[in-house]
Amino acid sequence: MSPNVPDRLANRERPSSNAWEPWRAASPLDGRRPSKEELRDAIESGLGREDVLPWPRDEQNSGWIRLLIVGINPSPWTAAVNAPFARPGNRFWPSLEEAGILPRRVDASRGLSREDERMMVDRGIGITNVVPRPSARADELSAEELIDGGAELVTRVSTIGPRAVAVVGITAYRQAFSMPKAVMGRQEAGVAPPGWPDDVELWVLPNPSGLNAHETVGSLAEKWRAVWESSAPTGPTQARPRADT
């Protein structure tokens, strides 16, 4: 949760109406891309980015999230503009559009707009990280950071209660949950981390970074499409509140 969240939102009970109010801070760079100096500053600060969730407190988001997407940790670019998967060349946002999960392309390189945030609320998508500390590469994280982040994720998922969770990055997933033999795709019953809620699907997908030469936007979109279709409601459920448009 952002330290800048207004008290009127941070202390708010779980919403029961269609009302939604933006709470995330805008990019501190006022809509421009970060300089090399600002990228260095982002790493040295140790500060990550705010989650992309409808509401600032985990308990407020219960019932709102169809798919919780979990990155490993913020890149310097992401930390600098307070937006996930923001570095140009990252295939995350294009693959979600191609998969049909989002109706349009998001350009997060200068931060997320309020319209982007509203769209994520309406689609039931949340985004967080295993580790909040930014780094140039995921392999710069310590084993302790990953394990602590994995344990925290299990607790948060139990509170938020999404229909599905997708962790991007198989190597970091194996380290975070001490599962060296974990494979890509949907994690079958009995191989989820200890304490994982039985009613929440768990998927592991490839890292969408441009450094991952094994994937394309098309191949990633195919995998995201499978996750999205699997997480669709299958029976009568209470309608998830929708953001005002």
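A quick note: this is a predicted structure, and the numbers were derived from the prediction, not measured.

Draft legend 1. Representation of the overall build of the protein chain. Along the protein chain, the regular secondary structure elements total eight helices and five strands. The helix and strand sequence of the protein chain, counted from the amino end, reads α-α-β-α-α-α-β-α-β-α-β-β-α. Classification of the 245 residues of the protein chain by burial places 51% in the buried group. A total accessible area of about 12,000 Å² is found for the protein chain, and carbon and sulfur atoms account for 49% of it.

Draft legend 2. Quick look at the pairing of strand β2 (residues 125–129). Along β2, five of the five residues are buried, which leaves the element largely enclosed by surrounding structure. Burial along β2 is two-sided: I125, I127 and N129 and G126 and T128, pointing in opposite directions, are all buried. With five bridges connecting them, strand β1 (residues 67–71) and β2 associate as parallel partners. Its bridge partner lying in β2, V70 is registered against T128.

Draft legend 3. Focus on the environment of P74. Its location among the elements puts P74 in the loop between β1 and α3 (76–81). Sequence-wise, P74 and V131 are 57 residues apart; in three dimensions their C-alpha atoms are separated by 7.9 Å.

Draft legend 4. Spatial organisation of the confidence of the model for the protein chain. Of the residues in the protein chain, 88% have a pLDDT of 70 or more, and the chain-wide mean is 89. Contacts of residues 1–9 to residues separated by more than four positions or lying in other chains number 15 contacts, the stretch itself having pLDDT below 50.

Draft legend 5. Highlighting the environment of I147. As for its placement among the helices and strands, I147 is situated in helix α6 (residues 143–160). Sequence separation of I147 and R174 is 27 residues, and the distance between their C-alpha atoms is 9.6 Å. Residues contacting I147, with those up to four places away along its chain left out, are Q175 and A176.

Draft legend 6. Broad picture of unusual backbone geometry. At N82, a residue that is not glycine, the phi angle is positive and equals roughly 55 degrees. Locating N82 in the fold gives a position in the loop between α3 and α4 (92–98). The class for N82 is buried, based on a relative accessible area of 8%. One non-glycine residue, S178, lies in positive phi territory at about 50 degrees. Counting through the fold element by element, S178 comes out in the loop between α7 (170–176) and β4 (185–186).

Draft legend 7. Examining the packing of aromatic side chains more closely. Evaluation of the coordinates by the stated rule reveals five aromatic pairs. Measuring from ring centre to ring centre gives 3.9 Å for F85 and F92, while their planes differ by 15 degrees; the resulting arrangement is stacked. With centroids separated by 5.0 Å and ring planes inclined at 50 degrees, the aromatic side chains of Y173 and F177 adopt a geometry described as tilted. There is no split in this pair, since Y173 and F177 are both buried. Each residue in the set F85, F92, W93 and W224 is aromatic and connected to the rest through ring pairs, giving one cluster.

Draft legend 8. Seen up close, the sheet that holds strand β5 (residues 201–205). Sheet architecture is open: five strands sit in the order β2-β1-β3-β5-β4, paired in mixed fashion. Each end of this open sheet is capped by a strand with a single partner; those strands are β2 and β4. Direction of pairing for β4 relative to β5: antiparallel, over a ladder of two bridges. Bridging from a neighbouring strand, R186 pairs with W203 of β5.

Draft legend 9. Here's a closer look at helix α5 (residues 114–123). Along α5, the residues classified as buried are D116, E117, M119, M120, V121 and D122. Tucked inside the fold, the buried residues of α5 contact α4 and β2. Backbone geometry just downstream of α5 places G124 in the positive-phi region, at approximately 75 degrees.

Procedures and definitions
Within each chain, residues carry numbers counting from 1 in the order of the written sequence. Residue-level local features of this predicted model are given only where pLDDT is at least 70; pairs of side-chain atoms are given and counted only at 80 or more, and the full residue set underlies all totals for whole chains, interfaces and linings. Side-chain numbers here rest on the full set of heavy atoms in the structure, without hydrogens or water. What counts as a helix is a DSSP run of H or I of at least four residues, what counts as a strand is a run of E of at least two, and both are numbered from the N terminus. Summary of the burial criterion: residues with accessible area below 20% of their type's maximum are buried, those above 50% are exposed, and those between are partly exposed, where the area comes from a 1.4 Å probe applied to protein chains only. Areas reported as accessible are Shrake-Rupley estimates using a 1.4 Å probe. Residue values count occlusion only from the protein chains shown. A pair of strands counts as paired when DSSP detects no fewer than two bridges linking them. Per-residue confidence from the prediction method is given by pLDDT, with values spanning 0 to 100. The criterion used for residue contact is that any of the two residues' heavy atoms lie within 4.5 Å. Paired rings are identified among Phe, Tyr and Trp, the last through its six-membered ring, by centres lying within 6.5 Å, and are further divided according to the angle between planes into stacked (under 30 degrees), edge-to-face (over 60) and tilted (the rest).

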